[in-house]
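Examination of the molecular architecture
Each chain, letter by letter, is given below.
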Amino acid sequence: MSRFAALWIWLFALWLLLTWTLTVEQWVVGALVAAVVAVAFAPLGAVIRPWRLGPRRLWQLGRLVATALRRTAVANARLAARIWSPHPRPRSGMLVVPTNARSVAEFTTVGVLTSLIVDNQLVDVHRDGHRLQYHAVWVSDEDPMRNRTRINAPVEDLVIGKDLIARESR
């Protein structure tokens, strides 16, 4: 029941954030959609209880959100500059990058957040080999560790081992 309640609160908060509407109908629909999704997803794994968020975890979550937003904005500006530039066209390609992610929650969080950044999109996950495969807009370096530093390390370092993901899911 606690897992359902935690998931419902997160989903309802997300609904309110996405719809940004303060009508009774919108809240009722959001509560019902959140309940249905929470029932479906509660058995799948642990959920961080919103009532257990302390200042340290909120600070870490804020840093993660700020990093993802900053990297997304910079990547969008860089891509626009490359497109408008009369010089070399982007050299797109596939990159295999090592990762420190081990749990499903860590792989999911790192994969989703790094795919929000327009420079690279997660294509495949090799859990046993601890690697992520990305389609990159600009491939300039074949060194996997340098690519990790450029692509997934800034987000990964804020997610893994920082207690942002529920302990039971590790």
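Refer to the structure printed above.
Residues numbered from 1 in each chain as written. Predicted model: local features only at pLDDT ≥ 70, side-chain atom pairs only at ≥ 80, totals over all residues. Heavy atoms only, no water.

1. Quick look at the pattern of salt bridges
Using the criterion set out here, one finds 4 salt bridges in the structure. Among the salt bridges present, the one from R78 reaches D119, with a minimum N-O distance of 2.6 Å. In this pair, R78 sits in helix α3 (residues 55-84) while D119 sits in the loop between α4 (104-115) and β2 (120-126), placing the two residues 41 residues apart along the sequence. Judged by its relative accessible area of 36%, R78 is partly exposed. For D119, a relative accessible area of 10% puts it in the buried group. Of the charged contacts in the structure, one is a salt bridge between R148 and D157, with a shortest N-O distance of 3.6 Å. What makes D157 partly exposed here is its relative accessible area of 42%. Bridged by salt links that share partners, the residues R148, E156 and D157 form one connected network. (Salt bridge = Lys/Arg side-chain N within 4 Å of Asp/Glu carboxyl O. Helix = DSSP H or I, 4+ residues; strand = E, 2+ residues; numbered from the N terminus. Buried < 20%, exposed > 50% of the residue type's maximum accessible area, 1.4 Å probe, protein only.)

2. Examining the nonpolar core
Across soluble globular proteins, you tend to see nonpolar side chains buried next to one another. In this structure, L64, L95 and Y134 are the most contacted members of the largest nonpolar core, which totals 17 residues. Contributions of two or more residues to this core are made by α3, β1 (93-98), α4, β3 (131-136) and α6 (153-159). Ignoring anything within four residues of it in the chain, the contact list for L95 reads L132, Q133, Y134, A136, V139, D141, N147, R150 and I151. (Core = buried A, V, L, I, M, F, W, Y, C linked by side-chain atoms within 4.5 Å. Contact = heavy atoms within 4.5 Å.)

3. Notes on the pairing of β2
Where β2 and β3 come together, 6 bridges link them in antiparallel fashion. Residue N120 lies in a different strand from β3, and its bridge partner there is A136. Taking the residues that link successive antiparallel strands as the turn, the β2-β3 hairpin has 4 residues, and the phi of H130 there is positive, at about 55 degrees. (Pairing = 2+ DSSP bridges.)

4. Some thoughts on the packing of aromatic side chains
On inspection of all chains with the given rule, the structure shows 2 aromatic pairs. Judged by centre distance (5.0 Å) and plane angle (10 degrees), the rings of W8 and F12 are stacked. Residue W8 and its partner F12 are located together in helix α1 (residues 2-19), separated by 4 residues, close to a single helical turn. By relative accessible area, W8 is classed as partly exposed at 25%. Overall, the relative accessible area of 12% leaves F12 in the buried class. When the centroid spacing of 5.8 Å and the interplanar angle of 75 degrees are considered together, the rings of F12 and W27 count as edge-to-face. Linking F12 in helix α1 with W27 in helix α2 (residues 24-41), this pair joins segments that are 15 residues apart in sequence. Ring-pair connections join several aromatic residues into one group, and the members of that group are W8, F12 and W27. (Phe/Tyr/Trp six-rings, centres within 6.5 Å; stacked < 30°, edge-to-face > 60°.)

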